Amino acid sequence: MRNSKGQSFSSLIRVLGLVIALAVFLAAYLPASWAQSESINGTIRGRITDPADQPIVGATATAFNVATAYTRTVTSSDDGYYVIPSLPLGTYSLTVSRDGFSTLRFSDIILQAGREAVVDAALKVGAVTTSIEVTGGAPIIDPTRTNIGGTITQTEVRNLPLTSRNPYNWIMFQPGVS
């Protein structure tokens, strides 16, 4: 016969084992799900400044997908930076505005899988009705990142040596993927 201290100690050991198993599971699988989200979406980020190169707080940056009319709006932080993460892939236009400044529009921003487009905006002092449109794409090469990526074509998916023909299984064969 066991006493109550022995039963409570074994219950404590059992609960502690479950907590450790759950922590190991979360540590192993959550980072992989975040990485997949980043690799199948794109991000637009940048800094919004005034003519004196000072950050503009509370400016709005609106990304508009030209093909699907998907729109997402964010505001700049205290240091003038904004980030629009997890955008579906495609061609976007970006509108940056703030009361008392001219509105800037950037067009032909092409988001590719796992890439970030850096679009910095220097707003000029102007009336609310003044608008400036900038044509030309934002650079998709960010020298501060060292990502290796690849795009899977339809031909590669059709010729997959896997029985499921699931393109996510093919990703594991790309360089730098673990």
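Placed above this text is the structure.
Summary of the structure given here. (Residues numbered from 1 in each chain as written. Predicted model: local features only at pLDDT ≥ 70, side-chain atom pairs only at ≥ 80, totals over all residues. Heavy atoms only, no water.)

1. With respect to the overall build of the chain
Then, number 1: Of regular secondary structure, the chain possesses three helices and nine strands.
Then, number 2: Along the chain direction, N to C, the helices and strands of the chain fall in the order α-β-β-β-β-β-β-β-β-β-α-α.
Then, number 3: Relative to all contacts within the chain whose residues are 6 or more apart in sequence, the contacts with residues 24 or more apart total 56%.
Then, number 4: Carbon and sulfur atoms make up 60% of the accessible area of the chain, which totals about 11900 Å². (Helix = DSSP H or I, 4+ residues; strand = E, 2+ residues; numbered from the N terminus. Contact = heavy atoms within 4.5 Å. Areas by Shrake-Rupley, 256 points an atom, 1.4 Å probe, with all protein chains shown as cover.)

2. Some words on the pattern of salt bridges
Then, number 1: One pass over the structure, following the stated rule, counts one salt bridge.
Then, number 2: With a shortest N-O distance of 2.5 Å, R45 and E116 are connected by a salt bridge. With R45 in strand β1 (residues 42-49) and E116 in strand β7 (residues 116-118), this pair connects stretches of sequence that are 71 residues apart.
Then, number 3: When its relative accessible area of 18% is taken as the criterion, E116 is described as buried. (Salt bridge = Lys/Arg side-chain N within 4 Å of Asp/Glu carboxyl O. Buried < 20%, exposed > 50% of the residue type's maximum accessible area, 1.4 Å probe, protein only.)

3. Structural notes on a nonpolar patch on the surface
Then, number 1: Taken together, the side chains of F9, L12 and I13 make up a nonpolar region of the molecular surface, amounting to roughly 330 Å² of accessible area.
Then, number 2: The class for L12 is exposed, based on a relative accessible area of 53%. (Patch = residues over 30% accessible without salt bridge, like charges linked within 9 Å, V, L, I, M, F, W, Y side chains within 5 Å.)

4. Topic: the pairing of strand β6 (residues 103-111)
Then, number 1: Pairing analysis gives six bridges linking strand β5 (residues 90-97) to β6, with the strands arranged antiparallel. The partner of G90 across the bridge, within β6, is L111.
Then, number 2: What sits between β5 and β6 in their antiparallel hairpin is a turn of five residues, with G100 showing a positive phi close to 90°. (Pairing = 2+ DSSP bridges.)

5. Notes on unusual backbone geometry
Then, number 1: A positive phi angle, near 65°, is found at A69, a position not held by glycine.
Then, number 2: Mapped onto the secondary structure, A69 falls in the loop between β2 (60-65) and β3 (71-75).
Then, number 3: Its identity as a non-glycine residue notwithstanding, S86 has a phi of 55°, on the positive side.
Then, number 4: According to the relative accessible area criterion, S86 is partly exposed, its value standing at 35%.

6. So, the pairing of β5
Then, number 1: Examined bridge by bridge, β2 and β5 share six bridges and lie antiparallel to one another. Bridge pairing in β5 places A63 opposite L94.

7. Remarks on the environment of A52
Then, number 1: Topologically, A52 is positioned in the loop between β1 and β2.
Then, number 2: Note on A52: relative accessible area 53%, which makes it exposed.
Then, number 3: In this structure, the C-alpha to C-alpha distance between A52 and L123, residues 71 residues apart in sequence, is 9.9 Å.

8. Regarding the nonpolar core
Then, number 1: Residues I44, Y82 and L94 are the most contacted members of the largest nonpolar core, which totals 22 residues.
Then, number 2: For this core, the secondary structure elements donating two or more residues are β1, β2, β4 (81-87), β5 and β6.
Then, number 3: Setting aside residues no more than four positions away along its own chain, L94 makes contact with I44, A61, T62, A63, Y82, I84, L104, R105, F106, I109 and V119. (Core = buried A, V, L, I, M, F, W, Y, C linked by side-chain atoms within 4.5 Å.)

9. Overview of the environment of P51
Then, number 1: Structurally, the position occupied by P51 is in the loop between β1 and β2.
Then, number 2: On a C-alpha basis, the gap between P51 and V125 in space is 7.5 Å, while along the polypeptide they are 74 residues apart.
Then, number 3: Leave out the neighbours within four places in its chain, and P51 touches F101, L123, K124 and V125.

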